[in-house]
Amino acid sequence: MKIGARKGNTLAAITAFAEGAAERHDIETIAPCKGCGACKLTNGCVDKDDTNPTIDIIAAADPIVFASPVYRWGISAQLKLVIDKCCCRGLKLKRKKTGLIVVGGSPVEEEQYELIRRRFACMADYPEWDMRFEKSYCANGKDELAGNAAAMEELRALGKSV
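Residues numbered from 1 in each chain as written. Predicted model: local features only at pLDDT ≥ 70, side-chain atom pairs only at ≥ 80, totals over all residues. Heavy atoms only, no water.

**Q** Residue-level account of the pattern of salt bridges, with values.
**A** One pass over the full model with this rule turns up eight salt bridges. Between Arg156 and Glu19 there is a salt bridge whose closest N-O contact spans 2.7 Å. Here Glu19 lies in helix 1 (residues 9-21) and Arg156 lies in helix 5 (residues 149-161), a separation of 137 residues in the sequence. Using a relative accessible area of 27% as the deciding quantity, one classes Arg156 as partly exposed. For Glu19, a relative accessible area of 42% puts it in the partly exposed group. One salt bridge in this structure joins Arg117 and Glu114, with 2.7 Å as the shortest N-O distance. Within this pair, Arg117 and its partner Glu114 are both found in helix 4 (residues 111-125), separated by three residues, close to a single helical turn. (Salt bridge = Lys/Arg side-chain N within 4 Å of Asp/Glu carboxyl O. Helix = DSSP H or I, 4+ residues; strand = E, 2+ residues; numbered from the N terminus. Buried < 20%, exposed > 50% of the residue type's maximum accessible area, 1.4 Å probe, protein only.)

**Q** Can you tell me about the environment of Val82, naming the residues and giving the values?
**A** By the element assignment, Val82 lies in helix 3 (residues 77-85). For the pair formed by Val82 and Phe66, sequence separation is 16 residues and the distance between their alpha carbons is 9.5 Å.

**Q** I'd like to hear about the sheet that holds strand 2 (residues 97-104), residue by residue, with values.
**A** As summarised here, the arrangement of the three strands in space is 1-2-3, forming an open sheet in which the pairing is parallel. At either margin of the open sheet sits one strand with a lone partner, and together these are strand 1 (64-69) and strand 3 (130-138). Strand-to-strand twist in this sheet, taken as the mean axis angle between neighbours without regard to direction, amounts to 15°. In the sheet, strand 2 pairs with strand 3 via eight bridges, with the strands oriented parallel. Looking at the pairing, Val103 lines up with Tyr137 of strand 3. Its contacts with the sheet place helix 5 against strand 2 and strand 3, and it is angled at close to 170° to strand 3. (Pairing = 2+ DSSP bridges. Axes fitted to C-alpha atoms, helices over the stretch in contact; angles between N-to-C directions. Contact = heavy atoms within 4.5 Å.)

**Q** Could you give an account of the side chain of Thr98, with specific residues and numbers?
**A** Locating Thr98 in the fold gives a position in strand 2. In contact with Thr98, not counting residues within four places along its chain, are Ile64, Phe66, Trp129, Asp130, Met131, Arg132 and Phe133.

**Q** Lay out the environment of Leu115 in plain terms, naming residues and giving numbers.
**A** Checked against the element boundaries, Leu115 lands in helix 4. You can call Leu115 partly exposed: its relative accessible area is 31%. In this structure the C-alpha to C-alpha distance between Leu115 and Trp73, which are 42 residues apart in sequence, comes to 7.1 Å.

**Q** Go over helix 4 with me, naming the residues and quoting the values.
**A** Along its 15 residues, helix 4 runs 21 Å from first to last C-alpha, staying within 8% of the 21 Å computed at 1.5 Å per residue. Considered for burial, the residues of helix 4 that qualify are Gln112, Tyr113, Ile116, Phe120, Met123 and Ala124. Buried residues in helix 4, looked at end-on, bunch into an arc of 105°, giving them a common side. Of the exposed residues in helix 4, those oriented more than 90 degrees away from the buried face are Glu111, Cys122 and Asp125. Contacts made by the buried residues of helix 4 are with strand 1, helix 3, strand 2 and strand 3. (Expected span 1.5 Å × (residues − 1). Arc of directions from axis to C-beta.)

Below, the structure is given as structure tokens:
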């Protein structure tokens, strides 16, 4: 049985952002890390998939925008695995301009968004990422964020600004 990510509010957020950013940047998405650790013994990921070329694309990218739904008061495991997978090219990711988009079901004033911001700041500290923005959105129902014209326009404008 193959389990895939839902296509909901976080996808709507990053799609709107990418629409704005596409005017000035090529946009790429990647699959998550499996967390095997073999890259520490080889020159890159040992998976026979698009990992190494994709991580090379991330290493060449500037800015890098991360997006995640809120899962159990944190970023999704999928995004954490992508960040983990980037360790096979660690030095090439130093001092990148980055941004973070988070979508959850609770109001953005809730503590979980602050926990995510702080945890992401810790992850960004080691490679000395230049965090350019952190945006959080509340959306519960499928397509709720996509139906929020003000949020979609804000994300497109943010995409254009990077």
